[in-house]
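Observations on the three-dimensional arrangement
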Amino acid sequence: MVPQGLLRGLFLALLVAEGSCGSKQEENLLVLTVATKETEGFKRFKRSAQFFNYKVQVLGLDEEWHGEDDDKKAAGGGQKVRLLKSALKQHEDKEDLIILFTESYDVLFASGPAELLKKFKQAKSKVVFSAETFIYPDRRLEAKYPPVRDGKRFLGSGGFIGYAPHLNKLVEDWKGLDSDSDQQFYTSIFLDPEKRESINITLDQRCRIFQNLNGALDEVVLKFENARVRARNVVYDTLPVLIHGNGPTKLQLNYLGNYIPRVWTFETGCTVCDEGLRSLTGFKDDTLPLVLIGIFIEQPTPFLSQFFLRLQNLQYPKKCTQLFIHNHEQHHQSQVDTFVKEHSKEYHTVKVIGPENHVENAEARNMGVDLCRQDPDCDYYFSLDAEVVLKNSKVLRILIEQNKLVIAPLVSRHGKLWSNFWGALGPDGYYARSEDYVDIVQGRRVGIWNVPYISSVYLIKGSALRSQLKQGDLFHSSKLDADMAFCHNVRDQGVFMFVTNQHQFGHILSLENYQTTHLHNDLWQIFSNPEDWKEKYIHENYTLALKGKLVEMVRKTARVSPRSPVLMCTGSLYSLTMPVTSWWRKWRTLASGPREITSRVLGGYENVPTIDIHMNQIGYEGEWYKFLLDYIAPITEKLYPGYYTKTQFELAFVVRYKPDEQPALVPHHDASTFTLNIALNRVGIDYEIFQLIPDI
């Protein structure tokens, strides 16, 4: 096995070798691109260029963009031709200078200048354009295109390479408007046989240099080899140098950009996760960024009290935290009111929108975002749905330090692939599984991932809300739910959404089977949300009992130590029985006589009738069985070696004893397999000493 330190050293050496200046021949290469704004797509392009040490000149930076109409239906792009024409004037006499012109917002470099120049010279043409599957913008010109035996037939204006004098000749006749089509202009030149031959233009028909993704998604796969990642065209068996997410393929480019160029490999893991971080180390509490947390309770949600407890325990100063709470459910009103009453003074500000305000989901989420957008002091907006169980109390600090415009912590359902992100979208705009989705959810690939959809919990920079995302309505759409509308609007502004799985953050509750018809509804969640049920109702020292600790033996009867309860704290034990006792109308009233006929028992007779409630009367028989099987059986088998039980039963019931009601029973044989004695009073409140003394 190669030592980890040596592997890192070899990787760094490889980086230096690949990013080095190269030969003098490569110094005669210049990359020109147009970018009027430094979008996240442009920054990605620039990083990939720097990785391979390309010399890039950016045209039109900070210039107002006129290339498309506001409705984005026009072809546009003439502004790029104008800027290129102006830039080429200073290079028109440099016969040895090779110039690559490319888009930037949706382009990645996958290899370096040496390979680019080699492939260009092998084409034996003075100018090489990228080639596409589809003809654009005028399909009527298809018949004028030269036929091809193998490869793509149509010109793509998103990337081309050539000698400076020939490129100057290519654009010297441009007299169009900024809003005119650059694609139409270059197509007209290429389809003119005389001009095509004079300038010596060919197309990169087999995608050796340029890979346009539109119409070619099935052709392109990732190729991992020797700590490198390339995009491979499986149809032509080529490794393109530039990848262009033209047309509606921006999301596929984002996927490829999670790996290329060497962003993530199996050998190195994530190589960019530590770039551009914002460290909070050394900041005093009162100088940390101000965060507005938007809390959304949109449907009946189990374990809400635990949700508020975790909110309280976040490792972030409460005086630097504002709360916006939208509670859509009357069922949860008392829990929200209790939290606000007890803790609102601890926070910077608290605003509550309750069910009486009749504010729907999308409108409420817009309200939360607006509170941060309109407050110049609001540095971050943290959206948090009540079904998210955040176990990592440092989540806010971790996300802020990643320094992204929009980022979400990965959370998923226990044992499921259901998570708060999608790796891809289908043609209908809904969920599609990306090749890496399962590996990311299950933690086999760890990093920061550019994805098309996030939900439930995410952090947005306040500065982004006041600039790129300044439109007032992010969550409404005539066809999409609020979460999908949000993601669509964010993508539409060229803002990347990231999800990180570098840490364990928590999970998402299952809400499908949650009912609110019981007094203690969470008790019925042992099937749907078993881990959360365990956390609430099973004492943290339960596992110690399985190791033989905290349990004493009295004449083969288990006794629980009062200071170290095994199964649950007294408060939880009290809650466990409350669903039974709350059905007080179902307590059976005893008739006279030693035996009693009842329809609840097979056969109809009880030898020793008691005041009790059967689990099947309150719909808790299945839950009780699972509780016995998962928690009581392991303790039993630990205490009584050789005894194994499946905890099957014919009757499961709770008996009530009161001094003035049924203080004792006649002597009888107790045929029960398990008898659990649970004190209904509360330790420290109703009594000070607690001990269960078995019958002897």
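Predicted model, so just to flag it, every value in this text is computed and none were measured.

Analysis parameters
- Residues numbered from 1 in each chain as written.
- Predicted model: local features only at pLDDT ≥ 70, side-chain atom pairs only at ≥ 80, totals over all residues.
- Heavy atoms only, no water.
- Salt bridge = Lys/Arg side-chain N within 4 Å of Asp/Glu carboxyl O.
- Helix = DSSP H or I, 4+ residues; strand = E, 2+ residues; numbered from the N terminus.
- Buried < 20%, exposed > 50% of the residue type's maximum accessible area, 1.4 Å probe, protein only.
- pLDDT = per-residue confidence, 0-100.
- Contact = heavy atoms within 4.5 Å.
- Disulfide = S-S within 2.5 Å.
- Expected span 1.5 Å × (residues − 1).
- Core = buried A, V, L, I, M, F, W, Y, C linked by side-chain atoms within 4.5 Å.
- Axes fitted to C-alpha atoms, helices over the stretch in contact; angles between N-to-C directions.
- Parallel < 35°, antiparallel > 145°, perpendicular 65-115°, else oblique.
- Left-handed = near helix turned anticlockwise from the far one by under 90°.
- Arc of directions from axis to C-beta.
- 1 Å grid on protein atoms, 1.4 Å probe; cavity = no way out; pocket = protein on both sides within 12 Å on 5 of 7 lines; lining within 4 Å.
- Points joined across faces, edges and corners; volume = space filled by probe spheres on them.
- Nonpolar A, V, L, I, M, F, W, Y, C, P; charged D, E, K, R; others polar.

When charged atoms on two side chains of opposite charge get close, those side chains can pair. Counting across every chain of the model gives 24 salt bridges. Ionic pairing is found between D385 and R365, a salt bridge with its closest N-O pair at 3.1 Å. Placement of the pair is D385 in strand β17 (residues 380-385) and R365 in helix α11 (residues 361-373), with a sequence separation of 20 residues. Residue R365 is classed as buried on the basis of its relative accessible area, which comes to 9%.

Attention now moves to the confidence of the model for the protein chain. When pLDDT is averaged along the protein chain, the result is 87; 84% of the residues meet or exceed 70. Confidence drops under a pLDDT of 50 for residues 1-21, and excluding neighbours within four residues, the segment shows 17 contacts in the predicted structure. In this model residues 69-74 is a low-confidence stretch, pLDDT under 50, and it forms 3 contacts with partners more than four residues away in sequence or in other chains.

What follows covers the state of the cysteines. What is meant by a disulfide is a covalent connection between two cysteines, made through their sulfur atoms. Counting across every chain of the model gives 2 disulfides. C270 shares a disulfide with C273; S-S distance 2.0 Å. Between C270 and C273 the sulfur-sulfur dihedral comes to about 105 degrees; the bridge is accordingly right-handed. Residue pairing for C372: its cysteine sulfur links by disulfide to C378, the two sulfurs lying 2.1 Å apart. The chirality of the disulfide connecting C372 with C378 is left-handed, given an S-S dihedral of about -95 degrees. With its bonded cysteines labelled in order along the sequence, the protein chain shows the pairing 1-2, 3-4.

We now examine helix α2 (residues 40-51). In a regular helix each residue adds 1.5 Å, so 12 residues correspond to 16 Å; α2 covers 16 Å between its end C-alpha atoms and thus fits that length. Of all the positions in α2, only E40, G41, F42, R44, F45, S48, A49 and F51 are classed as buried. Trailing α2 by a residue or two, N53 shows a phi angle of about 65 degrees, which is positive.

Right, let's talk about the nonpolar core for a bit. Most often, soluble globular proteins have nonpolar side chains that are buried together. Judged by nonpolar contacts, the single largest core of 53 residues is most densely connected at F421 and I454. Among the elements that take part in this core, helix α15 (residues 482-492) stands out by supplying 5 residues, more than any other. With residues near it in sequence (within four places) discarded, I454 still touches V406, A408, N420, F421, C487, M497 and F498. Core analysis: the next-biggest nonpolar cluster, separate from the first, contains 40 residues, I297, L311, Y347 and L459 among them.

On to unusual backbone geometry. With an omega of 5 degrees, the peptide bond between Y136 and P137 qualifies as cis. Mapped onto the elements, P137 comes out in the loop between β5 (127-132) and β6 (154-163). Between I260 and P261 the backbone carries a cis peptide bond, its omega angle lying at -5 degrees. Its identity as a non-glycine residue notwithstanding, N403 has a phi of 60 degrees, on the positive side. Residue classification places N403 among the partly exposed residues on the basis of a relative accessible area of 28%.

Below, the discussion takes up the packing of helix α9 (residues 304-312) against helix α10 (residues 333-343). α10 packs onto α9 with a crossing angle of 25 degrees between their chain directions and a minimal axis gap of 10 Å. Classified by the interaxial angle, the pair formed by α9 and α10 is roughly parallel. Between α9 and α10 the crossing geometry is right-handed. Seen from α9, the contacting residues are L304, S305, F308, L311 and Q312; seen from α10, they are Q335, V336, F339 and H343.

A few words now on helix α5 (residues 164-171). Counting along an α-helix, one turn takes 3.6 residues, and residues three or four places apart therefore face a common direction. Three or more residues of α5 are buried, namely A164, L167, N168, L170 and V171. Buried residues of α5, seen end-on, are gathered within an arc of 155 degrees and therefore sit on one face of the element.

Attention now moves to the environment of L465. The residue L465 is located in helix α14 (residues 462-465) in this model. The exposure class of L465 is buried, given its relative accessible area of 0%. Residue contacts for L465: discarding those within four places in its chain leaves V369, C372, R373, Y381, I460, K470 and L474.

The next subject is empty space enclosed by the protein. Applying the stated criterion to the full structure yields 7 cavities of 30 Å³ or more. In this structure, the largest cavity occupies an estimated 70 Å³ of space. Forming the walls of the largest cavity are 13 residues, and the residues nearest its centre are N258, G423, N450, V451 and P452. Elements represented by at least two residues in the lining of the largest cavity include exactly α8 (250-257) and β23 (448-451). The class makeup of the residues in the lining of the largest cavity is 7 nonpolar, 5 polar and 1 charged.

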